[in-house]
Structures are given as C-alpha cells and as structure tokens.
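Coordinate analysis (summary)
Chain by chain, the residues run as shown.
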Amino acid sequence: MKRILAALCLGAALQAAEGQVAAQGQAAQAAPITGRLAAPPVLSGNFVQEKTIVGLKKPLVSRGDFLVVRGKGVIWRTRKPVSAAVSVTPKGIWSLKPSASGLKREAVHQGDLGLAMDMIQKVLSGDPASLAGTFDVKEAGTAAAWSLDLRPLDPVVHRVISSIRLEGGKYVDRVEYAEANGDKTRIGFSAVADSAGELGAWQAAAFGE
Amino acid sequence: MGSGIRKALALAWALIILACGAYLAWRLPSASIESSIFALLPERERDPSVREAGSALRTELERRFLVLVAAPSSGEATRAAEAYADALRKSGTMREVLCAVPESGAGRMLDFYEPHRFALLSAEDRLALERDSNGLYEAAQRTLYLPPGVSGSLGFGKDPFGTWGRWLASRSAAGAGLALEHGHLAAVVDGEPAIAVLGTLGPRGRGSEAQDRLAAAFDGAAAAAESSAASGRDDAETSARPTLLRSGFVFHELLAARQAHREMTSIGTVSAVLLLVLMLLAFRGIRPTLLGFLPVVIGCLAATALLLLTGGGKVHLIAMVFGSTIVGVAEDYGMLFIAGLYEDKPWDGRRRLLDVQRSIFLGLLTSVMGYLALFFVPIPGLRQIGLFSIAGLVASWATVMLWYPWLGARLKPVSAGVRHAAGAIERGWPKVREGYATRLILLGLLGLSAWGCARMRVDDDVRLLYAHDERLQREQDKIGSVLRLPGGSRFFLVRGRHEQEALEREEKLLAALAAADPAGATAVAVSVFVPSRARQESDAALLRSSLDGAARAGKRLADDLGAPELADSLRLALRRESRPVTVAEWLADPVSTPFRYLVRGAREGGGADAYATVVPVPAAVRLDLAGLRALAQGAGPGVVVVDQIQEVTDTLAFLRRHLVWVLCIGSGIVLGALILLFRNRAWGAAAPAALGVAAGLGSLGWSGLPVNLFALLALALILGMGIDYGIFVQESRRDGAARAAALVAINMGAASNMLAFGMLVFSTTPALRAFGLVLAVGLGVAWLTAPCFAVLPGEEPEGMGHGA
C-alpha cells in the first residue's frame, strides 16, 4: 500500500527513502495500516482529477498519468483538457514545458506557503511518523478497504488545506483535498502498476538528469 | 637638592598617583572604552553614512546566529534541534530563539499582502507575461488543473493565476533557502535532514563573565541536543550523534576568547612563573623584584588616567594596549637601579640613584624624543598612543627618581660569589674593540638580517588578528553552500534622494547581481518585500493588460469555464487588490521585524543621498570587491559597496604606513640626540637598537610571517629598549663593577620583556605570533650585542672623528 501512497503523493519524501525505513518501523505501532508498506523502484498509472471551485458551477475534470521513481521523485502529467506537467524531486517542484531542445524545466518557488503544500505531499509519501506529527490522523476500515482522514495541526497549513481524505484497498483509490477557501479536489487512480523499465530521455530530463 | 625638598616631592608624587588611582577607580567603570579600529582614524577618512550603516548592520548581524542540527532521520533532527533551542532559551542569554516557526508568521504574510496581491509579480512571472501574451491564460489553467500546491497558487479564489503565491514563495526563498517542514525550518546537509535553529543574542554586559555565560549556554545546548537524540531512540541501533553546523559571529568571538584565555593561562602562567623565578634568583629577594616592575605599573596607571582625562571619559582600547606595551620600556629604569646590588660596594639607595640617574634620564629623553614622532602624523589614534607612552615613561621615571631613595634605601646586596660570576660574564663578553671575530659575527648577523628583510612580505589582513579555526570554518562553508545567508562583512549601501529612488536603484542592483551570479544567491533587500512604486504599478498594469489584451485571457477563461461573469469579476479584483504597498506600511507591520535593519531611512536636510537602505551581499556570491563595485556603479550614483573586513584591513595598512614614517622620524631624532650626547661614541649607543631592528625585521622574512602594524609596534619597543641598553653600556664605562651591574640590568630587562611579550611567538593568532617573533629576535639581538660595544674610559672607538 505504501507504493500507492508514494505514487499518489508526488512525494518528495523519497529524498530520504533509505533513512525513513527506521522511522517507518517505529511508527508502525501508531499507524498499523500504513506501517506494512514497501516501495517498488518504479510505479506508474493514470489519474482523473475533479476540481470543484467556489463560484464555478461545473467541476473541472482533468486526466493524465504519473510516474514515481524511488530516490528521484514524481512526474505528474496532465494531458486533458490542457497539457501541463510538473516533477517533484528532492530539490523542489519543477514545471515542465516542451521546448526546442526537448524539455524546459523551471523551478516553482516553494517558500513558506508553497511549502505548506509541499509538506502535505511529503506527508502523503508514506512517512507515517510525519503524518502523526503534522496531522490529526483518523483511521478506519481494514487492510482491504481502509480510509485515512487527515487534518492539519499547523494553523498556517490549515489556512490553506482544511482536510485530506485517502481511501483504498490494495492500492490507494481516491484522494480528496478540501481547501480552506471551499475548493475541493478529488483524484482517482487507475491502471497502477510497478514496472522496471528504463527511464526515457524525457523522464530523465524531468528529474533533472 | 636638599633632603626636605626631596621628601616633599616624593610625597607630592605619591599624592598625584593616589589621585590618579582614585580617579580611575571612579571613572573607569563608567568610561566608554572604544574598541572599533575606525575610531583611531581621522574623522574625514570615512563617509559618515557608510560608517553609520556599517555599525548598524554590524550590531544587528553580529547578534544573530544560525545552527543547523543534522541527524540521520528528520525525527531525530527535530528532537535534537528542539532540545538545543530549549536549552538556549532557558539560559537567559538570548533575545529570541526560533526553532518551530511561529504560528502567526506565515499567516501574517498572507494577511499583510492580500490587498496588494495583484501589484506583485515574481521575476519569472513578469518575464513570462511580457514574453507571451498567452501567459496569463496558461497560468490560470495550471491553477485549475494541477493538484493543489504544485502550481504555486494559493487557490483559484484569491490567486487565480498563482502569481501571488509564487511571489510570496520567492520572497521567502530570498530569506534563507530553508524549507518549512512540519512547522520547522529544514534543509538537507550531506543527504541528512537538518533543522535550523535561528537565534538573536540578548543584551549582555561587557567582560569575560558575560562571555563565559554565553559559552556555557552554547555548550549546554549542544549537550542537550546530543542527549535528546540519544534518548529518542527506542532500539539499540547505533545512530550517529546529531551534527551541529554553526554560523555566526558569536561563535568566532567565543572561540577567540576561549583561545585567548587558554593562551593567557598557558603562555601567561609560564612567563609569569619564569619571570618571578628569574628575578628572585638574580636579586635574592621579593623587594628588589617589586622595585624592578613598579615603574611600569605606576607609569601605566598615570598614563591611563591622563588619557581618560584628556579624552573626556573616552579611551581607545588599542591606544591603551599599545601604549602600555611601550611603557614596558620603563622596566629598564627600575632594573638599572636594582642592578646596583651587583656592585662591589655596600648598598646605598641614594648613592645608586645618583650613579644611574644620568643613564636613566638619557634613556627617558631618547625614548620620549623618539615617541614624539607619533605626534607628527595627523592620526588621532597614533597621537593617543604617543600621549600614553610619553606620559607613562615620564611617570615611571619620576617614580624611580622620587621614590627609590626611600623604597630602595635598604636592600641586601647579592653574595660575592654571584657578583664575581656577573663580573666574569661581563669580562668574557666578546667586545668589538677586542678583535675581528666579533665584528665578523656582527657583520654576518647584519647580512642575515638583510637577507631576511629582502624576503619580507606585507600583509595587513585583519583576519590575522583572529585565531583561525578549521572546524568552525568548515561548518560555516557548509552552511553557506546549503543556505543563502548574508555574508556579514560586505554590503551595498543604496542611497537616493527619496525612498522611491533608493528602491529603484535597489531593484536595478538586484537584477544586475542575479545576472552576474546566476548560480543562485538571492539578496535580502527592502525592495524584495516592498517593490518600488513604479514596479508595482507596472506589474499591476501588466496583469490588467494581459487579462484583456490580445490574448483575451479573461474572456477565454470565462468561455472555457462557462461562467461569463468571471471576466468581469477578475477585472474588478485586479483593479481593487493592486494598491501598491509602501515601506511605511511594511515597517509598521510585524512581518518586517527580521528585516527592519535594512532600512536606514531618511536623513534630515535632504540631498542626493538623503534616503538610504542596506543590501547585504549574500555569502554565496563569488564576486570580488571589484566586481561588486562595478555592479554598484551600474545601479546608480548613490550606490556603494562596503567591505567591512577590507575596510579594517585598509585601516590597519593606513596606520602601518604612517607608523613606518613615525619610526623613521623617531629614529632620526634619537640618532641626532645620541650624536649630541655621546659624540663619537654615539654609534656604539645606537648600534644595538639598529641591529635589533634589522634582525627583528629579518626574522619575519625568514619565518614567512607578515609585516603589519603589530610587527612595527614591536620594532618601536625594540628601538626604545635597544637605545636604553646602548646608553647603559656607554654610561657605565668607568669601572668593571659598574659595567657588570649595567649588564645585569640589561639581562634582566631584556629577559623579562622577552618573557612577557616574546612568549607570544607561541600564540595561535598570527598577528600576535609575528609580534612575539619580532620582539624575541630583535630584543634578543639588541640585548646580546649591547655589551659588545662597551668601551673603557679614555678609550675611543676607531674610525670616528675626535668630537669629544
């Protein structure tokens, strides 16, 4: 299940994947569901995102795919209705744009506020120890059908994100973000698989290699 | 002089010294002791606005420090950092210690900038909007379709294009380069998570006690961090101790103090014990020993009082230290007096004083004349040193002349055996008049000195004054590579006719800095938090025109989203929420607290440089001073770069250059005086000092230690003492016993000064080491060669005219 959490979360926590093994062992007692996890080297899948924005009648639906490589980061690629891609690596968040030379990579600044969100993604990467420190965590269900309700403890984060809900079985199936301004984002995952294939040039460039 | 008058004078002198002591006891604790080296310079040498900005920045930055606590896991690092910060807070020495980010901080930023958010664009967004008319439309789409957080937007409602979120984020990137994680400021050091502890020292008293408390606070905090990391482990797994990376002036200061303390206790104790043993051995009693040093003590006391009185309650530390070092010359006076214990006569203090008063007076006269040269240069600092030295020497002389007939009335002469030994040493000492061998040796010495002098190199770098610590430097370099911090010693002073002109020049400067050093250092500056009005207005206009311009971003968005009213509401928001933020508003809000020192503000009376701000040069900027200067010039006429370390170094060089002249002029005066006094024996009186100075300078060449202000000070000391030795030898020619006594005085004077100052050659501070080396070698040579120039009565040196 950790693989899915990791997949889900555009997880920069991968930066310390090795170091976290100990922390996970320690946190296993606190979070039994999230404790029994192992991370595959490469994981990919598709997603559908549905965003409800206050003041807009119709929800905004987008589709795309993602790739998680342990130790390197996550590539998140929205394909429809617009194309936009980002990569999240240990060094930060990058906006990816096609260019004449292949790929243009620009840093998305992560200051105190951007970081509030970056933090959430790190938390979601499956470091349960940090989940407990940053969120009020409520677990329900069984290993086959579970849910986690997270509420930010930090008031600054709370000003932006009011809650996050994760649901899943073998994999994480759905994530829901509720933003403090009333916007809601639901993401569903499909065709999740671990593949051992080599990274393409595009992916390598996206990770900054 | 009648005995009654003598008594009255001695009593008067005692009253004067008592008054000096009382004055010092009353005034010194409240005196302002100036320690800035710039205070030694003439006023016109420094631009006052540069000086004020420099000292304000220094006081602010010197109080701040940053410690990164790294550990194998972020949990351990956080626990250790919290323990570290907690221990510091409890120590009562800190004004503020920050580990967890205060809840209000980031939230306050949101509230403060919200009404201005559509007038603020990050450099990247501005460039994108100027380049691509589609930019705004694409930015909105990213906010709409990417997951929360990764577009940089703070939510479509308030930040539809993500411009505000990205602007805010790039501001905090300018702050440090730390990331906010779980409420802590985090970084990654060598692959390990690290948590930052930021602190500001609280007010503290002067002196070593306050320093000790501070050192204890940091030691205690380090211990707390270590034990917390250890206690947090559940398993027996061997986990590394937390690594502390420290950055801040205070750590250098504490280290230097600790080192100075260690050297004082080691070098100081060794030299004090040796000195005492030597004196007790030579003079067989505590009383003569005390009489040997008393003139120096009284001299320093009187000179400090005079300096304080003439300075109106203000004294300069450096003038005091340099001055009292020079007053050390006066030790010769006491030594010559008590060396009479080696004469083959029953001791009589009054008679001894009559015997040596001419020598002592000539010694004083030549020294005072030499140090008078300090008044020939228009530098207040050197004049203060001159005043201190001359007053101290005169007071020392008066002490010997007025008090010693009583204080030294009854002393026990040394035993006949010791006396004979001293006489034998004097007789056996090689003499120039006796043969070529001695002359050859002296010539060889001169040659060696000349060879050393040819290899001399000058280095005035102020960092030679600090003991260098490899470990602290490594820690600081590592922090500098991980974070973007102001370097501390270099800054731009940005001035303009008014606030707006200064801000516009800042913006020009920052753009040039970013272009010159793209590897990354974002400088912290007022315009980073409050852009100039012109920039805010043009950014707001850029956003508005992009909404309705050729790409019709507003209309397309409204169409896409099926909400025709959206274009109008966006237009309204862009107009209403784009009021430019002002420096006054920013200063009035707590968000500016950490950065207020950047605003120097408006000066009364106006003018071309009426309003000033400070932009510290980030430590990571690799440009040298010339490169920075070019950037400053390009940014506008009111922009200058200030390198405080360079300034201190330049000041030291300035003082050194003038001290060279002082020494030359002083030597000339002394030589003239010696020729008048001794006629054709003058060269014998001057030779020991000349050989000592040459050898002292030569030793710097041999050892590779640099010539600087402190080495020259040692030369001044060698000159003063070397001339004394020459005079004592020349004046004691009447009989063998007198010569032996003079040699004892020279031996003891030189030995004790070498023990007091020459031991500094073992110091870890390069400047002190150079001082110690010059003194040890130069004084040693003056000491050992002085007796070589002894002449017998009636004997005249060869090769000189018959002036006498």
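Residue numbers restart at each chain and count upward from 1, following the sequence in its written direction. Naming scheme: in the order in which they are written, chains are lettered from A and ligands are numbered from 1. Residue-level local features of this predicted model are given only where pLDDT is at least 70; pairs of side-chain atoms are given and counted only at 80 or more, and the full residue set underlies all totals for whole chains, interfaces and linings.

A closer look at the overall build of chain B
The test is simple: A helix here means a DSSP run of H or I that spans at least four residues, while a strand means a run of E at least two residues long, and both kinds are numbered starting from the N terminus. Note on burial: count the other C-beta atoms lying within 10 Å of the residue's C-beta; 20 or more is buried, 12 or fewer is exposed, in between is partly exposed, and C-beta positions come from the backbone.
The number of helices and strands found in chain B is 29 helices and 12 strands. Out of the 804 residues in chain B, the part that is buried amounts to 50%.

Observations regarding the pairing of strand S7 (residues 135–141) of chain A
All names here are of chain A. Short version of the rule: Paired strands, as defined in this entry, are two strands with at least two bridges between them according to DSSP.
Summarising the sheet, S7 and strand S8 (residues 146–152) pair through seven bridges and their orientation is antiparallel. When the bridges of S8 are listed, Glu139 appears paired with Leu148. Counted along the chain from S7 to the antiparallel partner S8, the turn is four residues long.

Some details on the pairing of strand S11 (residues 184–194) of chain A
Residues and elements named next belong to chain A. Note that strand S1 (residues 42–52) and S11 share nine bridges and pair antiparallel. Residue pairing in the sheet places Leu43 in a bridge with Asp194 of S11. Two elements, strand S10 (residues 172–179) and S11, share five bridges in a ladder whose sense is antiparallel. Looking at S11, one finds that Val175 is bridged to Ile187. Between S10 and S11, which pair antiparallel and follow one another directly, the connecting turn spans four residues, one of which, Gly182, has a positive phi of 105°.

Thoughts on unusual backbone geometry
The phi torsion of most residues other than glycine is negative, and most of the peptide bonds are trans. The linkage connecting Lys80 of chain A with the following residue, Pro81 of chain A, adopts the cis geometry, with an omega of 0°. Position of Pro81 of chain A among the secondary structure elements: in the loop between strand S3 (73–80) and strand S4 (84–89). Despite not being glycine, Arg284 of chain B has its phi angle at roughly 55°, a positive value. Structurally, Arg284 of chain B is set in the loop between helix H9 (249–283) and helix H10 (286–310). The residue Arg679 of chain B is not glycine, and still its phi comes out positive at about 50°. Residue placement: Arg679 of chain B occurs in the loop between helix H25 (644–678) and helix H26 (682–703). What makes Arg679 of chain B partly exposed here is the crowd of 14 C-beta atoms within 10 Å.

Brief notes about the packing of helix H27 (residues 709–731) of chain B against helix H28 (residues 736–756) of chain B
Residues and elements named next belong to chain B. Put simply, the rule is: Axis definition: a line fitted to C-alpha atoms, limited for helices to the stretch in contact. Angles are taken between N-to-C directions and run from 0 to 180 degrees. Note on terminology: angles under 35 degrees are roughly parallel, angles over 145 are roughly antiparallel, angles of 65 to 115 are roughly perpendicular, and the others are oblique. The handedness criterion is simple: a crossing whose near helix is rotated anticlockwise from the far helix by less than a right angle is left-handed, and one whose near helix is rotated clockwise is right-handed. Distance between backbone-placed C-beta atoms decides contact: two residues are in contact if it is within 7 Å. Side-chain classes follow a simple rule in which Ala, Val, Leu, Ile, Met, Phe, Trp, Tyr, Cys and Pro form the nonpolar group, Asp, Glu, Lys and Arg form the charged group, and the remainder, Gly included, forms the polar group.
Taken N-terminus to C-terminus, the directions of H27 and H28 make an angle of 165°; their axes are 9 Å apart at the nearest point. Comparing their axes, H28 and H27 come out roughly antiparallel. In this structure, H27 crosses over H28, and the sense of that crossing is left-handed. For the pair H27 and H28, contact is made by Met721, Tyr725, Phe728 and Val729 and by Ala742, Ala745, Ile746, Gly749 and Asn753, respectively. Tallied by class, the residues present in the contact of H27 with H28 amount to seven nonpolar, two polar and no charged.

Observations regarding the nonpolar core
Cut-off, in case you're wondering: Throughout this description, the term nonpolar core refers to a group of buried Ala, Val, Leu, Ile, Met, Phe, Trp, Tyr and Cys residues whose C-beta atoms join them within 7 Å.
One finds Ala339, Ile718 and Phe771 of chain B to be the most contacted residues of the largest nonpolar core, which totals 136 residues. Ranked by residues supplied to this core, first place goes to H27 of chain B with 17 residues. Setting aside anything within four residues of it in sequence, one finds Phe771 of chain B in contact with Phe710, Ala711, Leu713, Ala714 and Leu760 of chain B. In terms of nonpolar packing, the next biggest core, distinct from the first, is built from 97 residues, Tyr177 of chain A together with Ala119, Phe156 and Ala612 of chain B among them.

Things to note about the confidence of the model for chain B
Residues and elements named next belong to chain B. Our working rule: The predictor reports its confidence for every residue as pLDDT, a score running from 0 up to 100.
When pLDDT is averaged along chain B, the result is 82; 88% of the residues meet or exceed 70. Taken together, the stretch residues 797–804 has pLDDT below 50 and engages in 13 contacts with residues farther than four places along the chain or on a different chain. For this predicted complex, the interface confidence comes out at an ipTM of 0.79, alongside a pTM of 0.68.

Section: the environment of Ala737 of chain B
All names here are of chain B. Counting through the fold element by element, Ala737 comes out in helix H28. Sequence separation between Ala737 and Gly423 is 314 residues; the distance between their C-alpha atoms is 6.6 Å. Setting aside residues up to four positions removed in sequence, Ala737 forms contacts with Glu343, Asp344 and Gly423.

Some points on the packing of H9 of chain B against H10 of chain B
Residues and elements named next belong to chain B. Taken N-terminus to C-terminus, the directions of H9 and H10 make an angle of 120°; their axes are 8 Å apart at the nearest point. Comparing their axes, H10 and H9 come out oblique. You can see that H9 and H10 cross each other, and the crossing is right-handed. Contacts from Met279, Leu280 and Phe283 of H9 reach H10 at Pro288, Thr289 and Gly292. Classifying every residue of the contact of H9 with H10 by side-chain character gives four nonpolar, two polar and no charged.

As for the environment of Asp539 of chain B
All names here are of chain B. On the secondary structure map, Asp539 appears in helix H20 (residues 533–548). On the neighbour-count criterion, Asp539 (23 C-beta atoms within 10 Å) is buried. Residues Asp539 and Asp125, spaced 414 residues apart in sequence, show a C-alpha to C-alpha distance of 9.8 Å. Discounting residues that sit within four places of it in the chain, Asp539 has contacts with Ala119, Leu120, Leu121 and Arg126.

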